[in-house]
Amino acid sequence: MSVELNAKNPAGSLSDKWENYKADVKLVNPNNKRKFKVIVVGTGLAGASAAATLAELGYQVDAFTFHDSPRRAHSIAAQGGINAAKNYQGDGDSVHRLFYDTIKGGDFRARESNVHRLAEVSVNIIDQMVAQGVPFAREYGGLLDNRSFGGAQVSRTFYARGQTGQQLLLGAYQQLARQIGLGGVRLFNRTELVDVVTIEGRAAGIVVRDLMTGEITSHSAHAVVLATGGYGNVFFLSTNAMACNVTAAWRAHRKGAYFANPCYTQIHPTCIPQSDEFQSKLTLMSESLRNDGRVWVPKNPDEARPVDQIPEEDRDYYLERLYPSYGNLAPRDISSRAAKRAVDRGQGVGPLKNGVYLDFSDAINRLGKSVVEERYGNLFDMYERIAGENPYDVPMRIYPASHYTMGGLWVDYELMTTIPGLYAAGEANFSDHGANRLGASALMQGLADGYFVLPYTIGNYLAPMLNKPIPGTDHPEFKAAESAARERFTGYLNVKGTRSPDWFHREVGKIIWDYCGMERTQQGLEKALSELPALYDEFKKDLRVTGDGESLNQTLEKAGRVDDFFQLGMLMCRDALDRNESCGGHFRAEYQTDEGEALRDDDNFCHVAAWEWTGDPMSAKRNVEELNYETVHLATRSYK
Amino acid sequence: MAQVLHGRGPVTATANKSRKKRPFLLDLYSTAVGKKYAMAITGIGLMGFVLFHMIGNLKMYFGAADLDHYAEFLKKLLYPLAPKGAVLWILRGGLIAMAFIHIHAAVSLTRLNRTARPVRYQSERDYQVANFASRSMRWTGVTVFLFLVWHLLDLTFGVTNTVGADGEFIRANVYDNVVRSLDRWPVAAFYILANIALGIHLFHGAWSLFQSMGWNNPRFNKWRQAFATGFATVVVVGNVSFPIAVLAGVVGG
Amino acid sequence: MSNHLKDITLKIWRQSGPNDGGHFETYKVDEISDEASFLEMLDYLNERLINEGNEAIVFDHDCREGICGTCSLMINGQAHGPERATATCQLHMRKFKSGDSITIEPWRAKAFPIVKDLMVDRSAFDRIIESGGFITSPTGGAPDANLIPIPKPVADAAMDSAECIGCGACVAACPNGAANLFTSAKIAHLNLLPQGQAERYKRVEAMVETMDEYFGSCTNHGECEAACPKEISIDVIALANADYRKAKVKNRKQLARN
């Protein structure tokens, strides 16, 4: 029997919920705030903004990052922009429209109340970031410029060149740095969470490993916030940074936090394809390139002529052929799958036949090289640096890659997980994007959670705890967690097998990518679920970690992360197998329309699957949160 | 080569340090940027000196009387408003002070920079834009300083003026002293070498001072290096012409 | 298209900890694809070291897209290696040729102590930002974003300096171990914007003086600009120098009023 999860949606109509919540929320007196300690793990957009704001309010904050500096968090790599319902362009944008676009983009699998709140506070985010000195792009008149992005018919995306994530993260980082300087935040850098500790059903603190000394220590607090990002690196090759991992979320899951919708992962269609077997990560090329580039593959899988000698009639412009109205601008999931099918048919291009062409020769002929250069010059340079080919002369080669994970820790309206006192923010939670995230919405969600949601909702939890003692780090639960963590890491060192953690990571990634990637089938998922546990057993028996546990050891760090990816991978496949429908990033080949579109099953699957740890990911328990749409009507997404 | 990491543990309240209260100028001078201002400002003063010194010395091309008269004129600056030689001594005092500050700042900055990288790179560096001038400032500076000492001993105090040459050092007979000195080819060679060092020093210094003072305007920035090159060239060409002229017999012949 | 480089000799700095002396060790890479990035070549070497039972070489890296600023490395005497405007993670092996000998050293500065092998601790940069590299703007009190128009050239200039990724190449490349480019880039970013004016002089004073505690001094070599993966101009240093001078005078005036 599954448990009905309570999202704690506030009363009132959708647009009043957040106001009603704020009006009723319990407050902590300013002078009492310093009596509370909050741990924030992760210093990306959500973590840094939450830590800074909580410290501004007066809470004692301990912030943890495994990087050398908070500014390295992977939020920094976001390129495109950040959405906000400012309606500065006067093109009919509104909070409701942003809300609706986000729900629809998420293929009607997100919680209405959370998404509406996100749309409401999006407006404040832009104000806040501009006040902090984020140099957003501007018009000559000095006002903020906007661009339009996929899934929206209005221009609501604010951007700072191709480095919006960087500028926003640096803004949040600077606010965090200010609080560190003032003493409001204590920063623990190069310190990785290795366990979450719960005492009497509440989050009591965390156990961390000092990456520089290997020392394992405990930290107790009144509340713990996990802002530790997504798990896209389960695929091994993804656009995520090398260190991105699921460990914090997964350790929380093992301590009782439900993990929601792990199978919702987003595959971005325009990345530079893998070039050799050493490849460590994939690089995203902005989606905007598809405005002027034409996607094609040779009709003949055995095409041997150089690209410029393949005549028009032997080229398959498959997006234009299959989706005549949207053409090369077909949505992310559709064009990703189309590319995969072309490559699977053997029509792939490049030395490894693993990409499709994105050809600018028409655009260069039509607009002239200088116009193309003006629009995409920096992207072309980046492509040339990585791929070693000049895209003005030779078509770019692109292929889809794992990019973002919509799934994550289940949270209620207050962003609290199923463990009281444990919060999840940003990509680490599942709440706002449903089954598919729209471009320029990840930055918005991270900052919304950190700046404008958590600072309110945490007070509601803390207020009744005033002057009640919390367990210290000498509590047996902390000691037990510490020794379990120590054992775990000595365990990796003591296997003394023959394969490196990277080898296993690559193998897990291959299985997940093949069977739980862009297109999933029951058969494939079952295969993955039989291969993964076997490989996991091998991991436990044949892992080799060199070096020691007393100094910085990147191999050892990696081993712990791969261990957790194994377990998450199994849960992903189980979630994908149990969700007998296609929606957003989750595409089950069995459930598609005649035209190859995702076919949702609203009668049976209009819910969140929240998995409960039972000791083994293979036997995790599936709980559901029904999604009740009060305002929007469920509709089929159509791109014809 | 051992070094100590910044303490582990949490980082907090880093911005609460208060700086020692010092008189304004000393406070300014206590920072590296402040010392660079000092170097730039004293550098400007010293540049003014070398330029006018060179221009004044051009009078030797008009003959002994002109040059000696010029020396006398310098002593009589503002006379009779100020006593004879007073203004010249004030100027000299200023020059000495500027040279002292310039050197003091250079020495302290060099020491600071040495401690900023206690362990050098163990492999060869491949510099991209740092040029010979910028990287040899302290050696050209030292060369110019040593030359200055010699120059004063030679032509101001006359200590070395008559070594290896005939005649008597009479301070007011500037023209004779110069000719006597530069007629000795090792002296002339040293003179030329030192002036080339000065030129190299100016080539970087006269550009660098704009950066240090923050005199920066995208419209004029491209002129900064041109100014430095021009200034260094004028000073070096002027100065180097004297020993050549003496050796060639154009002056004093 | 893909070619293979053969017989690469790597001289890599190994140092077991901050207090160890350290030394160069020579490794041979018999064959590597020219499509591999420089760091992937090190990954490949590390995988081999692990297979041989040896400890992997520690080096800092993360996003591998040239934006997070985590990667470092002095490659053949150049910070971030031979390609201009490129961080080590975006440097590819096709920039080298078969038979090359490549020397890799960690960045060296007193403020960047070596953690292990090629990894250094750049926390001193965080201290500079903590001292003043921000605009005080507590959450919630911000006015409408379009309230203050900012001329496009000003916003663009601020963005040029805001692109700094904090990698530390400027310090590594500077013959004096100075951090003026890093510090000044942040000063220029915030001091150019109208939002940054209230704290302009306090900021520059605090940041420059914090920088002074850790780093060497700028003598205008220009090496930092050449090494910067974001090509930040040394003009920002001039701007910061001018503001520091004004700050010392203005702050004194303000203090006198109290």
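Residues numbered from 1 in each chain as written. Chains lettered and ligands numbered in written order. Predicted model: local features only at pLDDT ≥ 70, side-chain atom pairs only at ≥ 80, totals over all residues.

Enquirer: What am I meant to see in the overall build of chain C here?
Expert: The helix and strand tally for chain C stands at eight helices and seven strands. Overall size of chain C, expressed as C-alpha extent along the three principal axes, is 70 × 40 × 35 Å. Looking at the 258 residues of chain C, the share that counts as buried comes to 66%. Contacts in chain C between residues far apart in sequence, at least 24 positions, make up 70% of those at least 6 positions apart. (Helix = DSSP H or I, 4+ residues; strand = E, 2+ residues; numbered from the N terminus. Buried ≥ 20, exposed ≤ 12 C-beta atoms within 10 Å, placed from the backbone. Contact = placed C-beta atoms within 7 Å.)

Enquirer: Could you clarify how one ought to interpret the sheet that holds strand β19 (residues 607-612) of chain A in this entry?
Expert: Strands pair in a sheet through their backbones, by hydrogen bonds, and they do so in one of two ways: parallel or antiparallel. All names here are of chain A. Across the sheet, which stays open at both edges, the four strands sit in the order β17-β11-β19-β20 with antiparallel pairing between neighbours. The sheet terminates laterally at β17 (408-409) and β20 (621-626), the two strands that pair on one side only. Its contacts with the sheet put helix α16 (residues 554-578) on β11 (259-260), β19 and β20, and the angle it makes with β19 is roughly 145°. (Pairing = 2+ DSSP bridges. Axes fitted to C-alpha atoms, helices over the stretch in contact; angles between N-to-C directions.)

Enquirer: Any chance you could explain the interface of chain C and chain B here in plain terms?
Expert: For an interface, size is often stated in terms of accessible area lost upon the parts coming together. Tallying the contact residues gives 52 residues for chain C and 45 residues for chain B. Taken together, the elements giving at least two residues each to the side of chain C that touches chain B come down to β5 (101-105), β6 (114-116), α2 (123-132), α6 (200-214), α7 (223-227) and α8 (235-257) of chain C. Partitioned by chemical class, the residues of the side of chain C that touches chain B number 21 nonpolar, 18 polar and 13 charged. (Nonpolar A, V, L, I, M, F, W, Y, C, P; charged D, E, K, R; others polar.)

Enquirer: Sorry if this is basic, but what is going on with the interface of chain A and chain C here?
Expert: Listed by partner, the interface residues are 65 residues for chain A and 71 residues for chain C. Of all the elements in the fold, those that place two or more residues in the side of chain A that touches chain C are α3 (45-57), α5 (112-131), α6 (164-182), α11 (369-387), α12 (442-462) and α16 of chain A. The element that contributes the greatest number of residues to the side of chain A that touches chain C is α6(A), accounting for nine residues. Its residues assigned to classes, the side of chain A that touches chain C shows 24 nonpolar, 27 polar and 14 charged.

Enquirer: Which parts of the structure should I look at to understand the packing of helix α3 (residues 64-75) of chain B against helix α7 (residues 174-182) of chain B?
Expert: A pair of packed helices is captured by two measures, namely the crossing angle of their axes and the spacing between those axes. Residues and elements named next belong to chain B. For the pair α3 and α7, the least separation of the axes is 7 Å and the interaxial angle reads 115°. Taken as axis vectors, α3 and α7 run roughly perpendicular relative to one another. Along its contact with α3, which presents Ala 64, Leu 67, Asp 68 and Ala 71, the element α7 presents Val 174, Tyr 175 and Asp 176. Residue classes in the contact of α3 with α7 are distributed as five nonpolar, no polar and two charged. (Parallel < 35°, antiparallel > 145°, perpendicular 65-115°, else oblique.)

The values are spatial; any link to function lies outside them.
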